[in-house]
Amino acid sequence: MALGGNREQEGQVSRTSGQKSRDEHGPISASAADVFLSYDAIVDRLEDAARQLPGASVLHREGLAILEVRPASASNVNDGRPVVWLQGGVHACEWIGPAVVLRLMDELIRNSGLRGRATWYLLPVVDADGYRRTWAGERFLRTTEHGENPNLNFPYRWGDAPRLLRRLLGGRLRGWMGPHPASAGCVKSLVSELKTLTNLQLFLDFHGFGRLWLYPWCHSRAPSPHHAEHTAASATAVAAANRLAGRPGYRAQAAAFTEVPMGGSCLDFVYGELGCVHSYAVELPPSLPRGGVSGATLLGALRGDPKRWWREGQAPSADVGVEAGNEMAAAVSALVDHLFGGAPPAIT
Ligand SMILES: [Zn+2]
């Protein structure tokens, strides 16, 4: 959920996708071509899943391709199951997000027990236009076609930012926020789609990177009215992911503590405006640099490339993408048990 826009294209990451970064390990040996997919290949995967699952379909809504998975018998009638929304690709260059959403889709195909616990919506790529551009040479783009940072553009506490930051960034910050809430086409489409949902009970927004599980608020460091629920659910998800990873890599915190408190985030919109208590953003692997962001930037600057750590983090290996998907499958399964408890309704 990094703050600014970024249009860096030069200085490609020297590590190729087949190699592992220093802090990653494991027996997986995945191919980048199987894990990180072009936009058209992602939509093909959704269509394939819809053909495999009775009751599933791909909704094409104003630039968004969304897989809807509901029990076949439920048709369009709300049968009381909670709604779960999983999305990635709010920031175009964060390729690990769509990869993880597709891995969760595979989990739903494989695991009918989990599938039957909810009506699921999977949106692997929010900013489809930006994502296409990252595949056409602008690999590290993280703003929309009109320069908005989508995660500052949602219609909840839009424009909130610390005064000092406003003074330092001025017009650049206003450009990232956009001229008005939901000015970015993908944000407008997503907002109107989310508003049609009834019974939305869990919302997960996957980003890269930092291994952080973030809960509301993003616009303020004050505890949310559901602080206890947020910390308990986050602890459950983080414990499940770390158990699978075999190390304490992920940690949870309020989103506002990641950088500075900012309004207009998707996370706060879903919680504050739509009233879905369990609204989280997940910064996927890799972890942030050991010496911290400012240390890594300073070290990079001394070597003539202050943002190298950031580009490397946005281009993890395929193995890291697969591990992250497995860890999030464990986290989502644990969260569903934690939130929806009891015996799952029978699936047909
Ligand atoms: Zn992001």
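Residues numbered from 1 in each chain as written. Predicted model: local features only at pLDDT ≥ 70, side-chain atom pairs only at ≥ 80, totals over all residues.

(A) Molecular detail of the overall build of the protein chain. What the protein chain contains, in helices and strands, is 13 helices and 8 strands. Within the protein chain, the proportion of its 348 residues that are buried is 46%. Look at the contacts in the protein chain between residues 6 or more apart in sequence, and 80% of them connect residues 24 or more apart. (Helix = DSSP H or I, 4+ residues; strand = E, 2+ residues; numbered from the N terminus. Buried ≥ 20, exposed ≤ 12 C-beta atoms within 10 Å, placed from the backbone. Contact = placed C-beta atoms within 7 Å.)

(B) A look at the nonpolar core. Formed by 96 residues in total, the largest nonpolar core has its most connected members in Val100, Leu104, Leu122, Ala255 and Leu267. Here the element with the most residues in this core is helix H13 (residues 318-340); it accounts for 9 residues. Setting aside its immediate chain neighbours within four residues, leucine 267 contacts Asp205, Leu214, Pro216, Cys218, Ala255, Ser279, Tyr280 and Ala281. (Core = buried A, V, L, I, M, F, W, Y, C linked by C-beta atoms within 7 Å.)

(C) Structural context of helix H8 (residues 185-195). Of all the positions in H8, only Cys186, Val187, Leu190, Val191 and Leu194 are classed as buried. For H8, the angular spread of buried residues about the axis comes to 130°, placing them on one side. In this structure, the buried side of H8 is in contact with strand E2 (64-69), helix H5 (128-134) and helix H10 (266-273). (Arc of directions from axis to C-beta.)

(D) Region of the structure containing the pairing of strand E5 (residues 200-210). Within E5, 10 of the 11 residues are buried, which leaves it mostly tucked inside the rest of the structure. Taken together, the 6 bridges between strand E3 (residues 83-88) and E5 define a ladder with parallel strand orientation. Within E5, the position partnered with glycine 88 by the bridge is phenylalanine 206. Relative to strand E8 (residues 278-287), E5 runs parallel, the two sharing 8 bridges. Its bridge partner lying in E8, histidine 207 is registered against glutamate 283. (Pairing = 2+ DSSP bridges.)

(E) Representation of the pairing of strand E6 (residues 212-215) within the structure. Residue alternation in E6 divides its side chains into two sets, Leu212 and Leu214 and Trp213 and Tyr215, and both sets are buried. The pairing of E6 with strand E7 (residues 251-254) spans 4 bridges and is classified as parallel. Each bridged residue has a counterpart across the sheet, and for leucine 214 the counterpart in E7 is glutamine 253. The handedness of the E6 to E7 crossover, carried by helix H9 (residues 227-245), is right-handed. Pairing between E6 and E8: 3 bridges, direction antiparallel. Bridging across to E8, leucine 212 finds its partner in glutamate 283. (Right-handed = clockwise from strand over helix to strand, strands pointing away.)

(F) Focus on the sheet that holds E5. The strand order across the open sheet formed by 8 strands is E1-E2-E4-E3-E5-E8-E6-E7, and the pairing between neighbours is mixed. In this open sheet, the two strands that pair with only one neighbour each are strand E1 (56-61) and E7. Across the sheet, the mean angle separating the axes of adjacent strands is 20° when strand polarity is ignored. Sheet strands touched by H10: E5, E6 and E8. Its angle to E8, the strand with the most contacts, is close to 160°. (Axes fitted to C-alpha atoms, helices over the stretch in contact; angles between N-to-C directions.)

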